[in-house]
Amino acid sequence: HTEVDKPVEDFAKHVRFMEGFHRRYMISNKICRYWVNMVRQLDVESIVPQHGRMFRGKKMVNEFLSWIENLPCGIDLMTQDNYRAP
């Protein structure tokens, strides 16, 4: 991706690049909400992930926080179908 060093400018268009990762690797929405609650108490200007593009500016940071705060992920996606005898 040639824009990896550029901050995200259109959150809605960028979601598709990160949604699969976050759904798989975030343990649960409950934990994401706890993290968002903590971050919202800080004066955050940027979120710079280890992998992927950065979110710069309060508007973009808040878009990310609102998105991940409501993302079903990890164990939230598990059903009995994941645990059936062969």
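Everything below is about the structure printed above this text.
Values in this document were obtained by computation on a predicted structure and should not be read as measured data.

Novice: I tried to follow the layout of surface pockets on my own but got confused; where do I start?
Specialist: If a probe as big as a water molecule is rolled over the atoms, it shows which places are left empty. Roughly 530 Å³ of internal volume is contained in the largest pocket. Looking at the largest pocket, it is lined by 22 residues, and the ones nearest its centre are Met-18, Phe-21, His-22, Pro-49 and His-51. For the lining of the largest pocket, the secondary structure elements donating two or more residues are α1 (11-25), α2 (29-40) and α3 (58-69). Along the lines of polarity and charge, the residues of the lining of the largest pocket split into 14 nonpolar, seven polar and one charged.

Novice: Sorry if this is basic, but what is going on with the packing of α1 against α3 here?
Specialist: In a packed pair of helices, the relevant descriptors are the angle between the two axes and the axis-to-axis distance. Direction vectors running N to C along α1 and α3 enclose 45°, while the axes themselves pass 12 Å from each other. With respect to each other, α1 and α3 are oriented oblique. At the point where α1 passes α3, the crossing takes the right-handed sense. Touching Phe-11, Val-15, Met-18, Glu-19 and His-22 of α1 are Met-60, Glu-63, Phe-64, Trp-67 and Ile-68, all from α3. Its residues assigned to classes, the contact of α1 with α3 shows seven nonpolar, one polar and two charged.

Analysis parameters
Residues numbered from 1 in each chain as written. Predicted model: local features only at pLDDT ≥ 70, side-chain atom pairs only at ≥ 80, totals over all residues. Heavy atoms only, no water. 1 Å grid on protein atoms, 1.4 Å probe; cavity = no way out; pocket = protein on both sides within 12 Å on 5 of 7 lines; lining within 4 Å. Points joined across faces, edges and corners; volume = space filled by probe spheres on them. Helix = DSSP H or I, 4+ residues; strand = E, 2+ residues; numbered from the N terminus. Nonpolar A, V, L, I, M, F, W, Y, C, P; charged D, E, K, R; others polar. Axes fitted to C-alpha atoms, helices over the stretch in contact; angles between N-to-C directions. Parallel < 35°, antiparallel > 145°, perpendicular 65-115°, else oblique. Left-handed = near helix turned anticlockwise from the far one by under 90°. Contact = heavy atoms within 4.5 Å.

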